[in-house]
Every structure is written in C-alpha cells, then in structure tokens.
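Each chain, letter by letter, is given below.
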Amino acid sequence: MTAKIKLNAASGGGSFSLQAPSSSSNARVMTLPDTADGTILTTTNPRSGNIIQVVQGNVVDNEHQFTTTSFAASDLSATITPVFASSKILIHTTQVLDTGAAGRQLYLGIFRSIAGGTYTNISGGTQASNVGAYSSNARLIETAVIIKLDTPSYSVGQAITYKIYGKNSGSYETRVGGQQTEQLMVLQEVAA
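Q: Help me understand the confidence of the model for the protein chain in this model?
A: Regions with low pLDDT carry predicted coordinates that are not meant to be interpreted in detail. When pLDDT is averaged along the protein chain, the result is 90; 95% of the residues meet or exceed 70. When pLDDT is averaged over each helix and strand of the protein chain, the minimum, 79, is found for strand 2 (residues 15-19) and the maximum, 98, for strand 8 (residues 120-121).

Q: Just checking my understanding: could you explain the nonpolar core for this structure?
A: One broad trend across soluble globular proteins is that nonpolar side chains are buried collectively. One finds I91, L97, L108, Y162, M185 and L187 to be the most contacted residues of the largest nonpolar core, which totals 24 residues. Listed by contribution, the elements that provide at least two residues to this core are strand 5 (72-80), strand 6 (88-98), strand 7 (105-114), strand 9 (131-134), strand 10 (141-150), strand 11 (160-168) and strand 13 (182-190).

Q: Which parts of the structure should I look at to understand the packing of aromatic side chains?
A: Any aromatic ring pair is given by two values, namely how distant the centres are and how the planes are angled relative to each other. For the coordinates displayed, the defined rule picks out 3 aromatic pairs. Taking 5.3 Å as the distance between ring centres and 65° as the angle between the ring planes, the aromatic pair formed by F71 and F111 counts as edge-to-face. Pair noted here: F71 is in the loop between strand 4 (63-66) and strand 5 and F111 is in strand 7, with a separation of 40 residues, a long-range link. Looking at F111, the relative accessible area reads 9%, which means it is buried. A centroid spacing of 6.0 Å and a plane angle of 45° characterise the contact between Y119 and Y165, whose relative ring orientation is tilted. One end of the pair, Y119, is in the loop between strand 7 and strand 8; the other, Y165, is in strand 11, and 46 residues separate them in sequence. According to the relative accessible area criterion, Y165 is buried, its value standing at 12%.

Q: Looking at this structure, I do not really get the pairing of strand 11. What am I missing?
A: Side-chain positions along a regular strand alternate between the two faces of the sheet. Among the 9 residues of strand 11, 9 are classified as buried, and the element is accordingly described as predominantly covered. Residues I160, Y162, I164, G166 and N168 point to one face of strand 11 and T161, K163, Y165 and K167 to the other, with burial holding for every one of them. Pairing between strand 5 and strand 11: 6 bridges, direction antiparallel. Directly across from A72, in strand 11, lies its bridge partner G166. Taken together, the 9 bridges between strand 7 and strand 11 define a ladder with antiparallel strand orientation. When the bridges of strand 11 are listed, F111 appears paired with K163.

Reading guide: rules and limits
- Residues numbered from 1 in each chain as written.
- Predicted model: local features only at pLDDT ≥ 70, side-chain atom pairs only at ≥ 80, totals over all residues.
- Heavy atoms only, no water.
- pLDDT = per-residue confidence, 0-100.
- Helix = DSSP H or I, 4+ residues; strand = E, 2+ residues; numbered from the N terminus.
- Core = buried A, V, L, I, M, F, W, Y, C linked by side-chain atoms within 4.5 Å.
- Buried < 20%, exposed > 50% of the residue type's maximum accessible area, 1.4 Å probe, protein only.
- Phe/Tyr/Trp six-rings, centres within 6.5 Å; stacked < 30°, edge-to-face > 60°.
- Pairing = 2+ DSSP bridges.

As structure tokens, this is what we get:
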C-alpha cells in the first residue's frame, strides 16, 4: 500500500499531494530549508536562467582550410534539441586558428540550422563574424574563443545545429584546428 498526503486549498483552489514510492527499497527523503521560504522547481517548470541541458561537439587534430572571401563550413559543430519552448542557447566554442602567413586576415562566425534547414549566419559586425584575426608582420597562431547567447525560433522537439564557418579577407589559405589540439563547442539550453 502506498502512503499519500493530500492538501486541499482553503478556498476552492487546487490541491497538492505527497506520495511515497511504491517499493520499500526506494526510500526517498525531501529536506526543506529551515532558514528561508522557497519555491520547488521542477523539470517542467524551471526558473528563468536555469541550465536545462548541456551537449558538446568536438573535433580532434583535424585542420580545416579556408581559401576564399566567402564563408565556408568548418568541421566543428554541435546539435541540441531543446525540451522547452522559448529557451535560449548559450554557445561556447574554442579552436586554434592560423593565418598561415603575415598580412592575412581570418574571420570566424557561428551559423545555425533548425530542423535540418539552411544554415544561417547569427554573427554580428560589419564582417558578420565573431572573431577576426590579423597580424601585419608575422604568421598568427592563437586560440579563438566565442561565447554567444542565441534566441532561436523553433518548435519543441526540433534539433538545432550550430557550426563554425570561416572566411578570409583575400584569396589565400588560412586554417582552424590542427596543431594537435581539440576544438570544442558546448551548447547549453537556458530556460526563458
């Protein structure tokens, strides 16, 4: 037999029930704070700003070349399927970039695809990018970190894929990845 406590609202409102687990081997304890009042948050009612889920994509050792002034996809991407409507997605990426020689400029941007649709640039600035690397007097090899909070328009259950794209300011070769490193993209669903 399962024990149950039910509290009814005093003036026609709803009710609240506590029910013990049906198996005696599944004993559970709920501890309430003795220093403050609070609200119980549930998986179906998270507080705004709570992290709902975290996923990661990575690429190890692979190097990707960019050779034109138009954005082209790199190998780094990650996919998340939000479980709540109107969530925001916090994107963290880190990758090594290499201009290949002095006087070359490389731009990196984040593109987004919802439910397998076309990739759309969600980066800002005049160059529609999140990172711009340049050195006039030497080859530049450095770590690029991008952090961006995205507010996509989607339906619950649709997968959202984010991918790093790159382009140059001229017709030459630049690279991301390689250098015996791991490129990472971490996506966090943030409750609205």
